[in-house]
Amino acid sequence: MDWLQQLINGISLGSIYALIALGYTMVYGIIKLINFAHGDVFMLGAFIGFFAITRWEMGFIPALIIAMVVCSIIGMIIERVAYKRLRNATRIAALTTAIGVSFLIEYTMIFFRGATPEAYPQVLPQTNINILGANINSQTIFILVVTIILMILLQFIVHKTKIGKAMRAVSHDADAARLMGINVDNTISATFAIGSALAGAAGVIFGSYYTRIDPLMGVLPGLKAFIAAVLGGIGSIPGAMVGGFILGIIETIVSAIGFSLWRDAAAFVILILILILRPAGLFGKNIREKV
């Protein structure tokens, strides 16, 4: 029963990684950019939710929605200001800019509010639910349900809406999509908006789950979410989801067997192994390029 409890805890942690990883994989699928500022959008979402709960006295769901809306706007601003002019630039130029945007967000936040951590308020019920003999916290179940709903909503947007079809077309061939009348610039902005909204939601969920946030909190979860995206096959939405869940479960198991100091290292060991054994990831496909 302890293993069942650890499994559910791992899935809950993995769902947070999956939400962040979706932003990485969506942006990479559209414009082949690793947006390393994405982890800091996750951090901003956590603080937006914190202020919504503490200062505006909102509940969890309203704070989650506010964080998603504000982070989607921030994501579009980042894309238009920092990345739009670099679409035809070299990969290294775009990557360096992404790292610069990440530092800018982190230290702007520190400048305005300091680096002191904040204690996230308890807004979710804390009761134990007995499932097959294992005592599972109701907060864990609620977080998992909210995350699954968001993932289902993303799948609906991508596969059943006009903007989702445009995103898939631009991902496949941006020039052909432009010739078919698709506004590529707006589609890319929408991709950043959706990915950033999911990162903002992950920030509120993370704060509620771990009850501690700070301006540098996005660095390690952002890197782990990137590893989850690579594990699943970067550019693949189902791959990002599965990669996040796998990474969360592995981290929880490593902690459960007494190697809690190695849980962060486990993620990078997985990255090394996946790059050696299957560079395209679990759901990725090897693509041949003409030179």
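Below, the structure is looked at part by part. (Residues numbered from 1 in each chain as written. Predicted model: local features only at pLDDT ≥ 70, side-chain atom pairs only at ≥ 80, totals over all residues. Heavy atoms only, no water.)

### A few points about the side chain of threonine 252
For clarity, the cut-off: Helix and strand definitions here come from DSSP, where helices need a minimum of 4 consecutive H or I residues and strands a minimum of 2 consecutive E residues; each element is numbered from the N-terminal end. Summary of the burial criterion: residues with accessible area below 20% of their type's maximum are buried, those above 50% are exposed, and those between are partly exposed, where the area comes from a 1.4 Å probe applied to protein chains only. Contact criterion: two residues are considered in contact whenever any of their non-hydrogen atoms come within 4.5 Å of each other.
Topologically, threonine 252 is positioned in helix H10 (residues 237–256). A residue is classified by how much of its surface remains accessible, and threonine 252, at 9% relative accessible area, is buried. If sequence neighbours within four positions are ignored, threonine 252 has contacts with Gln6, Asn9, Gly10 and Leu13.

### What to know about the environment of alanine 18
Its location among the elements puts alanine 18 in helix H1 (residues 2–31). Judged by relative accessible area, alanine 18 falls into the buried class, the value being 0%. In contact with alanine 18, not counting residues within four places along its chain, are Met151, Ala240, Met241 and Gly244.

### Examining a nonpolar patch on the surface
Spelled out, the test is: To count toward a patch, a residue needs a relative accessible area above 30% and no salt bridge. Like charges then connect within 9 Å, nonpolar side chains (Val, Leu, Ile, Met, Phe, Trp, Tyr) within 5 Å. Working definition of accessibility: Shrake-Rupley area with a 1.4 Å probe, residue cover restricted to the visible protein chains. In what follows, salt bridge is the name for a side-chain nitrogen of Lys or Arg lying within 4 Å of a carboxyl oxygen of Asp or Glu.
Taken together, the side chains of Ile61, Ile65, Val69, Val70, Ile73, Met76, Ile77, Val81 and Phe142 define a hydrophobic patch exposed on the protein surface, amounting to about 730 Å² of accessible area. Element by element, the count of residues in the nonpolar patch is highest for helix H3 (residues 60–83), at eight residues. Structurally, the position occupied by isoleucine 65 is in helix H3. On the accessibility criterion, isoleucine 65 (48% relative accessible area) is partly exposed.

### Focus: helix H4 (residues 91–113)
Condition: In a helix, the anticipated span is given by 1.5 Å times the number of residues less one.
For H4, spanning 23 residues, the distance from its first C-alpha to its last is 34 Å, which sits close to the expected 33 Å at 1.5 Å a residue. Residues of H4 that are buried: Ala94, Ala98, Val101, Ser102, Ile105, Glu106, Met109 and Ile110. Turning to H4, the residues buried within the fold contact helix H2 (38–54), H3 and helix H9 (219–232). At the exit of H4 stands glycine 114, carrying a positive phi of roughly 85°.

### Some words on the layout of surface pockets
How we decide: Here a cavity is any set of points on a 1 Å grid over the protein atoms alone where a 1.4 Å probe fits but cannot get out, and a pocket is any open set with protein on both sides within 12 Å along at least 5 of 7 lines; a residue lines the site when it has an atom within 4 Å of a point. Grid points are joined across faces, edges and corners, and a volume is the space filled by probe spheres set on the points. Any residue outside Ala, Val, Leu, Ile, Met, Phe, Trp, Tyr, Cys, Pro, Asp, Glu, Lys and Arg is labelled polar, Gly included; the first ten of those are nonpolar and the last four are charged.
Considering only enclosed or pocket space, the second largest pocket measures out at about 430 Å³ in volume. Around the second largest pocket, the lining comprises 20 residues; the ones closest to its centre are Ile30, Ile31, Lys32, Arg87 and Asn88. Its residues assigned to classes, the lining of the second largest pocket comprises eleven nonpolar, three polar and six charged.

### Brief notes about the pattern of salt bridges
Scanning the model with the defined rule gives ten salt bridges in all. Residue arginine 87 pairs with glutamate 79 through a salt bridge whose shortest N-O separation is 2.3 Å. Exposure remark for arginine 87: the relative accessible area of 28% places this residue in the partly exposed category. Between arginine 263 and glutamate 251 there is a salt bridge, with its nearest N and O atoms 3.1 Å apart. Pair noted here: arginine 263 is in helix H11 (residues 263–277) and glutamate 251 is in helix H10, with a separation of twelve residues, a long-range link. Judged by relative accessible area, which is 25%, arginine 263 ranks as partly exposed. Given the relative accessible area of 0%, glutamate 251 is considered buried.

### What about unusual backbone geometry?
One non-glycine residue, glutamate 57, lies in positive phi territory at about 55°. Looking at the secondary structure, you find glutamate 57 in the loop between H2 and H3. For threonine 211, which is not glycine, the phi dihedral falls at a positive 60°. Following the sequence through the fold, threonine 211 ends up in the loop between helix H8 (184–210) and strand E4 (212–213).

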